[in-house]
Structure formats: structure tokens, C-alpha cells
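In case you want the letters, here they are:
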Amino acid sequence: MGLFSASADSAKRAVAEAALAYVPRGGVIGVGTGSTANFFIDMLGDLRHQVVGAVASSEATAQRLRKVGIEVLDLNSVNELPVYIDGADEISPDLHLIKGGGGALTREKIVAAVARQFVCIADESKCVDLLGRYPLPVEVIPMARAHVARELVRLGGAPDLRIGFTTDNGNCILDVHGLEILNPIGMESDINQIAGVVAVGLFARRSADIALIGGPGGVRRVEPRP
């Protein structure tokens with residue numbers, strides 16, 4: 001493991017630990033997918049008697065939650081979800097996000113939409129002034145792949161099929177390169193309108209409420225700029 005990887009892992013552990021303060025006592029928690037979320041899940045096991053259960057954003061997350069002794073609940077059986085904790089691939093100053101590097105963007109969007117509070121946890125390398133350096137994932141129904149790709153080109157992107165990957169929903173993902181996302185809410189709406197798109201990894205209409213960002217100076221709490 002290189003120095004950068006070790007430093008990033010240290011920051012991820014730090015924000016995962018800080019996120020434990022947002023775990024509701026006697027409630028249900030939504031849990032995301034990815035390397036930073038995995039650190040959080042492993043720590044959450046120590047609080048398993050404090051929570052009723054968790055809603056998972058992917059099958060991989062569900063398996064990890066069960067492994068640490070957390071009951072996994074179907075979202076349809078949950079009346080209230082006080083908090084959702086998840087990572088991100090990019091974070092803007094407005095706490096708009098790009099997510100979906102792990103391929104769980106659709107279920108992540110659903111859980112985030114239900115949650116009263118969305119806490120994003122990440123290391124500081126994920127913070128950007130303008131979204132789009134990281135390829136934007138778009139989950140697509142397989143028969144619509146070519147059509148959606150053509151429409152994404154018209155929006156200024158260069159879509160690549162994620163080879164050898166199928167989502168938990170049985171769909172494929174196009175990773176869209178070369179976008180300058182000046183209007184994240186508008187682009188999210190435009191891509192959502194393309195027939196065959198299941199979900200786009202822009203979390204702008206439902207952005208994070210709080211970001212916990214880890215770096216060499218420790219963990220800082222960030223809220224959307226006014």
C-alpha cells in the first residue's frame with residue numbers, strides 16, 4: 001500500500017468514526033456502499049444493540065451489515081429513516097455529489113430520498129469546485145444502452161460501457177467522461193428524462209445535508225454554502 005492509499009484509508013476511518021455520532025438510538029439507519037461506507041459498517045457493529053436495524057443500498061452492504069450483527073430491513077417495511085450515511089466520488093461546495101463508482105447508485109438514490117438527513121462521509125480528495133472530473137455513472141436498461149449513449153453524447157459527454165459489470169437490479173452502467181457539470185440539478189433532470197435511464201449518479205436534487213471530510217488535519221464538518 002502506498003503512502004497516499006494509507007493516508008486516504010486513515011481519513012476514511014476517521015470520518016467513519018465521526019459518523020457514528022449520527023446513529024439514532026433505537027432507530028433505523030440507511031447505509032451506503034463503497035470503501036468509506038465499509039469502514040463505517042465495521043464500526044457500526046459495536047453499536048448493533050443501539051439500532052433496530054439498517055436499510056442497505058446494495059447486496060454487498062447487506063451482507064457486510066449481517067456479518068457485523070446488524071439486521072437488514074426492507075425499505076418498504078420502514079416508516080421512518082432518520083439518517084442515511086454514505087460516501088461519494090465527488091463533492092461540490094453545495095454538497096452536490098457524484099456517486100455510483102461502486103455501481104449502487106439507484107438504490108443509494110432511493111434510500112437517500114427517504115432519509116430525513118443525508119450525511120456524506122469522504123476523504124478530502126473527493127472535494128472539487130466543479131463536478132465532472134470523475135466519470136458520471138448512469139444506470140441503463142440493457143436494451144436502451146445504445147440509445148442512451150447517443151443522447152449522452154448530445155449532452156457533451158463521452159460514455160463508456162462498464163465492461164463485465166451488472167447492477168443489483170440487472171442493468172448496465174455507462175460511465176460518462178468529459179462533462180463540465182455547471183448546473184447539476186438541470187443535468188440530473190435532463191439525463192433522467194432519457195428513455196431507458198434508470199438513474200444517474202448526480203445527487204443534486206437530493207444532495208447531502210452534511211459532509212464529514214477527512215484530511216491530515218482531522219475531520220471537518222461541512223454544510224451547503226448559503
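This section reports on the structure supplied with the text.

Cut-offs and rules
- Each chain has its residues counted from 1, running along the sequence as written.
- With pLDDT at 70 or above as the cut-off, local features in this predicted model cover only qualifying residues; side-chain atom pairs require 80 or more to be listed or tallied, and sums for whole chains, interfaces and linings still use all residues.
- Based on all heavy atoms of the structure, the side-chain values leave hydrogens and waters out of the count.
- All axes here are fitted lines through C-alpha atoms, helices being fitted over the stretch that makes contact, and every angle between N-to-C directions spans 0 to 180 degrees.
- Helix numbers and strand numbers start at the N terminus; a helix is a DSSP run of H or I with at least 4 residues, a strand a run of E with at least 2.
- For classification purposes, angles smaller than 35 degrees are called roughly parallel, those larger than 145 roughly antiparallel, those between 65 and 115 roughly perpendicular, and all remaining angles oblique.
- Take the far helix as the reference: if the near one is turned anticlockwise from it by less than a right angle, the crossing is left-handed, and if turned clockwise, right-handed.
- Whether two residues are in contact is decided by their heavy atoms, any of which lying within 4.5 Å being enough.
- Each residue receives one of three labels: charged for Asp, Glu, Lys and Arg, nonpolar for Ala, Val, Leu, Ile, Met, Phe, Trp, Tyr, Cys and Pro, and polar for the others, Gly being one of them.
- Only protein chains enter the calculation, and the probe is 1.4 Å; a residue is then buried if its accessible area is under 20% of its type maximum, exposed if over 50%, and partly exposed in between.
- Strand pairing is assigned whenever DSSP detects at least two bridges linking the two strands.
- Note on handedness: a crossover is taken as right-handed if, strands pointing away from the viewer, the path from the first strand over the helix to the second is clockwise.
- Should a side-chain nitrogen of Lys or Arg be within 4 Å of a carboxyl oxygen of Asp or Glu, the pair is scored as a salt bridge.
- For this analysis, a nonpolar core means a set of buried residues of the types Ala, Val, Leu, Ile, Met, Phe, Trp, Tyr and Cys, connected via side-chain atoms within 4.5 Å.

## A look at the packing of helix α2 (residues 35-44) against helix α3 (residues 59-67)
Contact pair α2 / α3: the axes reach a minimum separation of 9 Å and the direction vectors enclose 25°. On the basis of their axis angle, the class for α2 and α3 is roughly parallel. Handedness of the crossing formed by α2 with α3: right-handed. In this structure, α2 contributes Asn 38, Ile 41, Asp 42 and Leu 44 to the contact, and α3 contributes Thr 61, Arg 64 and Leu 65. Here the contact of α2 with α3 is built from residues that sort into three nonpolar, two polar and two charged.

## Remarks on the pairing of strand β2 (residues 53-56)
Burial of the side chains of β2 extends over both faces: Gly 53 and Val 55 are buried on one face and Ala 54 and Ala 56 on the other. Note that strand β1 (residues 28-31) and β2 share four bridges and pair parallel. Note that in β2 the partner of Val 28 across the bridge is Gly 53. With respect to chirality, the unit in which β1 leads through α2 into the neighbouring parallel β2 is right-handed.

## Quick word on the pattern of salt bridges
Two side chains of opposite charge can pair, provided their charged atoms sit close to one another. Per the counting criterion, the structure on display carries twelve salt bridges. Residue Asp 86 is joined to Lys 99 by a salt bridge in which the shortest nitrogen-to-oxygen separation is 2.7 Å. Placement of the pair is Asp 86 in strand β3 (residues 83-86) and Lys 99 in the loop between β5 (97-98) and α4 (105-114), with a sequence separation of 13 residues. With respect to class, Asp 86 is no different from Lys 99; both count as buried. Via salt bridges that share partners, Asp 86, Lys 99 and Glu 108 belong to a single interconnected network.

## Describing the nonpolar core
In terms of nonpolar packing, the biggest core is built from 24 residues, with Ile 29, Phe 40 and Ile 85 touching the most fellow members. Taken together, the elements giving at least two residues each to this core come down to α1 (3-19), β1, α2, β2, α3, β3, β6 (117-123) and β12 (210-215). For this core, the element with the most residues is α2, which contributes four residues. Contact partners of Ile 85, with chain neighbours within four places excluded, come to Ala 19, Tyr 22, Ile 29, Gly 30, Val 31, Gly 32, Phe 40, Val 119 and Ile 121.

## Structural notes on unusual backbone geometry
For Leu 95, which is not glycine, the phi dihedral falls at a positive 65°. Inspection of the secondary structure assignment puts Leu 95 in the loop between β4 (90-91) and β5. Relative accessible area serves as the criterion here: at 1%, Leu 95 is assigned to the buried category.

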